[in-house]
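Listed below, chain by chain, are the residues.
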Amino acid sequence: MRDAQVYVLGKINDYNIFINQMNILQLEVKGLSGKSSEQQIFTYGTDLEEVGLFDAHFEVDGMRIQEAKDFLEGSVVIFKLEEAAKGYYKAVNLTLRPQKEQILATSYTAIPVFSETLHGSLEDLIEKLQNRKMVGQHAHTSNDAAETPSHILFKKSDGSIYTMGPIQNQRHAHGGKMYELAGDLHVSRLTAAQLADYYLIDDVAFISAEKDQQLVAHLCQQAPVQEADQEAQFMDIFYHQLKSENMHYRKEDLHHFHTAMKAGGLIVLGGMSGTGKSQLVNAYTRTLGLSKNQMRMIPVSPSWLDETDVLGYVDTVQQRYMPAMTGIAKTLVEATHHPEKTYVICLDEMNLAKIEHYFSQFLSVLELEVGDPHRVIQLYSEEFTVNNAHEFPAQVPIGHNIVFVGTVNFDESTHRLSDKVLDRANLIELDVEPFTKLMEKVEVDNVAKPTAYTLQKLQPSVDDMQLSEQELTFLWELSQLMGEAMNTVLFGPRTVKQMNQYMRNAYFDATFTREDALDMQIVSRVLPKLRGPKPLFEACFSQTEKPSKFMQLLENYRHLSHFERTKQKMKQKEKELLHYGYAL
């Protein structure tokens, strides 16, 4: 029994119309699409009355039959099937269409028509076809692999229709249909002449086997659609979005920031005041296409003392949880309800208050891997009974879809970042570009509009060790050298795992290479903790010994990276030691 929702194309046999024993006009229907050609199908005059036939029961049989033939002449019929008895089917929900050919073909294919209104954009459908993803439900065409269409159609909101294929197989599951391409994907807009070859009804189009073959042959002559590099598109839009707002950064820094956002955890943007750290975060979330609910920019107050200033507290009198004005609690709860969406919480000037005090719970939680049952934020003790627990539960899990960013200034008005914070953060210090860059500006009309991206889509699906054996050996030797100099272990396995997570999420191209990524991770994760008085540095970093042990280590592993940023940062620390006797 085929699905009762599936549309069928057929023709009523005018040589087999008769009046049955119940004095009802009965007609045999010849199925022309799919497996309907093998089935015994009939319908009644009463069903045809819905499409305009008037069957006068008081007339003689011959006249009634002739009037039905005259009414149906030059028409095909589109219908659904209803099982009447074993081996017999009744055509219901009939619709007539003018016959296009002088002689009907013996076989037609039902082509599904997807639409922008119900199934998303043309680009979304292209991406799903190329990646063998479910494209959505389509109830009016068969799910049988034997009735796989050679192509599908897509109707845009402006009324234009595109053909997409060729397709060699289809499958159906809970998520809808999935089509297997027969080679490269080709997409072409249908001309009026090509559209005229179809019999259309709702979201289904029927085409003869001959015309189908011709159309697919023409389609395959078009240039194939290249698989879109979604991440390259995203970075290009991000870069031009910034330039259109007269914000200029080195492309390597933008890649560094993007990779850190994908890797998750805590990202800290540092630099002198006025470098546009907060604007960078805003531009990034706009490029992601995040809504206002998905992005929360929170100015940190110097008066914050503990997590109640950030999260909220329990009013024991009213027995209600009172969320803080920051709105963080609300965002955390919403993120748990929408794991498919990306959420960003940005703490602006986060070191105006002591981070270890107001953000302590987050620092402990963010070091845990996603999925760990202890990766939860405790809004309040479960011993309390609150009457809005349905809105704010006692515990809120922190999933992979929420990212925390902080901006910091390094001046006398702020607190120094402690090792506890640095051990859990990707610290990115933005370089200032030459002021002549301010003369460069992209017209807003020339900037591609942001598409709804999610960091989850841009993240790799494989969770493995990305750092090579030689990179791990280099990090071990670096750890030993720094431990020797500072009389303590400055970074351990946790930092290496975080660096591996970063490398796994890095998007490499001509602008940002693996060598750059390793170099920037040393600058972001390791060197910030290298600080103290001059005597601590002399053993391994002294320039009286040419080269120093540290520089010699970098030279030994120059095949991994040239470590340009690392060397630049070390020169800065040398100047600090020279002028202040202390590396900051």
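Residues numbered from 1 in each chain as written. Predicted model: local features only at pLDDT ≥ 70, side-chain atom pairs only at ≥ 80, totals over all residues. Heavy atoms only, no water.

Trainee: Explain unusual backbone geometry residue by residue, including any values.
Mentor: Look at the link from Gly165 to Pro166: it is a cis peptide, with omega at 0°. Of note, Pro166 is situated in strand β8 (residues 161–173). With a phi angle near 50°, Asp202 is a residue other than glycine that sits in the positive phi range. For Asp202, the position within the fold is in the loop between β10 (199–201) and β11 (204–208). Relative accessible area serves as the criterion here: at 61%, Asp202 is assigned to the exposed category. One non-glycine residue, Asn246, lies in the positive phi region at around 60°. Tracing the sequence through the fold places Asn246 in the loop between α7 (230–244) and α8 (251–263). (Helix = DSSP H or I, 4+ residues; strand = E, 2+ residues; numbered from the N terminus. Buried < 20%, exposed > 50% of the residue type's maximum accessible area, 1.4 Å probe, protein only.)

Trainee: Any details on the packing of α7 against helix α9 (residues 277–288)? Residues and values, ideally.
Mentor: Interaxial distance between α7 and α9 falls to 9 Å at its minimum, and their mutual angle equals 135°. With respect to α9, the axis of α7 lies oblique. Relative to α9, the crossing made by α7 is right-handed. Of the residues in α9, those touching α7 at Phe234, Ile237, Phe238, Gln241 and Leu242 are Leu280, Ala283, Tyr284, Arg286, Thr287 and Leu288. Taken together, the residues of the contact of α7 with α9 sort by class into eight nonpolar, two polar and one charged. (Axes fitted to C-alpha atoms, helices over the stretch in contact; angles between N-to-C directions. Parallel < 35°, antiparallel > 145°, perpendicular 65-115°, else oblique. Left-handed = near helix turned anticlockwise from the far one by under 90°. Contact = heavy atoms within 4.5 Å. Nonpolar A, V, L, I, M, F, W, Y, C, P; charged D, E, K, R; others polar.)

Trainee: Let's hear about the pairing of β8: which residues, and what values?
Mentor: By the bridge criterion, four bridges tie strand β7 (residues 152–155) to β8 in an arrangement that is antiparallel. Bridge pairing in β8 links Leu153 to Thr163. The turn linking β7 back onto β8 is made up of five residues, and Gly159 within it adopts a positive phi angle of 95°. Pairing between β8 and strand β9 (residues 176–189): 10 bridges, direction antiparallel. Residue pairing for β9: Gly165 is matched across the bridge by His186. (Pairing = 2+ DSSP bridges.)

Everything listed is a geometric property; what it means functionally is a separate question.
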